[in-house]
Amino acid sequence: SQTIHQWPATLVQPVGSPLSLECTVEGTSNPNLYWYRQAAGRGLQLLFYSVGIGQISSEVPQNLSASRPQDRQFILSSKKLLLSDSGFYLCAWNLGQDGQPQHFGDGTRLSIL
Amino acid sequence: SQQGEEDPQALSIQEGENATMNCSYKTSINNLQWYRQNSGRGLVHLILIRSNEREKHSGRLRVTLDTSKKSSSLLITASRAADTASYFCATARWGSQGNLIFGKGTKLSVKP
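Here is a short report on the structure shown in this document.

Calculation criteria
Residues numbered from 1 in each chain as written. Chains lettered and ligands numbered in written order. Predicted model: local features only at pLDDT ≥ 70, side-chain atom pairs only at ≥ 80, totals over all residues. Heavy atoms only, no water. Helix = DSSP H or I, 4+ residues; strand = E, 2+ residues; numbered from the N terminus. Polar contact = N/O pair within 3.5 Å; in protein donor to acceptor, adjacent residues only side chain to side chain. Contact = heavy atoms within 4.5 Å. Pairing = 2+ DSSP bridges. Axes fitted to C-alpha atoms, helices over the stretch in contact; angles between N-to-C directions. Buried area = accessible area lost by both parts, 1.4 Å probe. Salt bridge = Lys/Arg side-chain N within 4 Å of Asp/Glu carboxyl O. Disulfide = S-S within 2.5 Å. Buried < 20%, exposed > 50% of the residue type's maximum accessible area, 1.4 Å probe, protein only.

### Side note on the side chain of R36(B)
Residues and elements named next belong to chain B.
And step 1. Its location among the elements puts R36 in strand β4 (residues 31-37).
And step 2. Within polar-contact distance, the side chain of R36 engages the backbone oxygen of A82 at 2.6 Å.
And step 3. Looking at R36, its side chain comes within polar contact range of the side chain of Y87, at 3.4 Å.
And step 4. Not counting the four nearest positions on each side in its chain, R36 is found in contact with G42, L43, V44, L46, A82, D83, T84, A85, S86 and Y87.

### Some details on the sheet that holds strand β7 (residues 61-66) of chain B
Residues and elements named next belong to chain B.
And step 1. If you walk across this open sheet you meet the five strands as β1-β3-β8-β7-β6, and the pairing is antiparallel. Strands with a single pairing partner mark the edges of an open sheet, and in this sheet they are β1 (5-7) and β6 (55-58). Averaged over neighbouring strand pairs, the angle between their axes works out to 20° when direction is ignored.
And step 2. Across three bridges, β1 lies against strand β3 (residues 19-24) in antiparallel orientation.

### Examining the interface of chain B and chain A
And step 1. Listed by partner, the interface residues are 25 residues for chain B and 23 residues for chain A.
And step 2. The junction of chain B with chain A conceals about 1700 Å² of combined surface from both sides, 45% of it contributed by carbon and sulfur atoms.
And step 3. When residues of chain B are sorted by the area they lose upon contact with chain A, L43(B), N99(B) and F102(B) head the list and together hold 26% of the total.
And step 4. Our enumeration of links across chain B and chain A arrives at one salt bridge.
And step 5. Among the salt bridges present, the one from R41(B) reaches D106(A), with a minimum N-O distance of 3.1 Å.
And step 6. Only β4 and β5 (43-50) of chain B provide two or more residues apiece to the side of chain B that touches chain A.

### Observations concerning the state of the cysteines
Residues and elements named next belong to chain A.
And step 1. Counted under the stated rule, the structure contains two disulfides over all chains.
And step 2. Bridging C23 to C91, the disulfide has an S-S length of 2.0 Å. Here the S-S torsion is close to -80°, and the disulfide linking C23 with C91 is therefore left-handed. Of this pair, C23 sits in strand β3 (residues 19-26) while C91 sits in strand β9 (residues 87-94); the two residues are 68 residues apart in sequence, bridging distant segments of the chain.

### Topic: the sheet that holds strand β8 (residues 73-78) of chain A
Residues and elements named next belong to chain A.
And step 1. The antiparallel open sheet is built from four strands, whose spatial order is β1-β3-β8-β7. Each end of this open sheet is capped by a strand with a single partner; those strands are β1 (3-7) and β7 (65-70). Across this sheet, the average inter-strand angle for adjacent strands is 20°, counted without regard to direction.
And step 2. With four bridges joining them, β7 and β8 adopt antiparallel strand pairing.

### Brief notes about the pattern of salt bridges
And step 1. Inspection of the entire model under this criterion finds seven salt bridges over all chains.
And step 2. In this structure, the salt-bridge partner of R37(A) is D85(A), at a minimum N-O distance of 3.8 Å. With R37(A) in strand β4 (residues 32-38) and D85(A) in the loop between β8 and β9, this residue pair connects regions lying 48 residues apart in the sequence.
And step 3. Residue classification places R37(A) among the buried positions, given a relative accessible area of 16%.
And step 4. Close ionic contact of K56(B) with E53(B) constitutes a salt bridge, the shortest N to O distance being 3.9 Å.
And step 5. Of the residues examined, K56(B) reaches a relative accessible area of 28% and is grouped as partly exposed.

### Re unusual backbone geometry
Leaving glycine aside, a negative phi is the common case for residues, and trans is the common case for peptide bonds.
And step 1. Put simply, W7(A) and P8(A) share a cis peptide bond, and its omega is 0°.
And step 2. Its place among the elements puts P8(A) in the loop between β1 and β2 (10-13).
And step 3. For the bond running from D7(B) to P8(B), omega is 0°, close enough to zero to count as cis.
And step 4. By the element assignment, P8(B) lies in the loop between β1 and β2 (10-14).
And step 5. Here N30(A), not a glycine, exhibits a phi torsion of approximately 50°, which is positive.
And step 6. Of note, N30(A) is situated in the loop between β3 and β4.
And step 7. Even without a glycine there, the phi angle at K70(B) is positive, about 50°.
And step 8. On the basis of relative accessibility, which here comes to 29%, the residue K70(B) falls in the partly exposed class.

The following block contains the structure:
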């Protein structure tokens, strides 16, 4: 069966520090991978998605970047965090065909001080 | 951009009652999906309804889709305290290759 792992679960970082959040998927090949951000009590904002190794699409301009160095690994990064980067970050995967549900990790709660 | 809009934003009911949540969207879709999110956790897929379907059931869940009105509803029958969570609709456009657009969610509280 397929599983998705996301870490760390919580992170407290000072403004201006770098960021690296990692997501890995097991039990499937060539998944679509997604990074979302969720503000407190709000819906999901799609940040990045990837249909294959090295292929990244960005949905909104921001202080973040994403990379996919391996088929089942998706990394969210920042060189210098801003206060506005605080939030709940979710990674998800699916098989990339119309009508496929997405499967989510348990998220990373990021607080910027 | 968010296409789905859930209504109401928050709903509080007693255990045993039915809970109905609505979702409206703006453009033509391939399918509509409902997800559940427990506090501080990731989303869990509940049910998917395709654009050529009008109603679908899964256990205590009933989903309807009206493409002419661009709306969907999720009914949870005989609710339990464990159903307390946020519920999101998500739409998939034709040719979206797996991408979904999520609404802002309905926060359901079921009191024992």
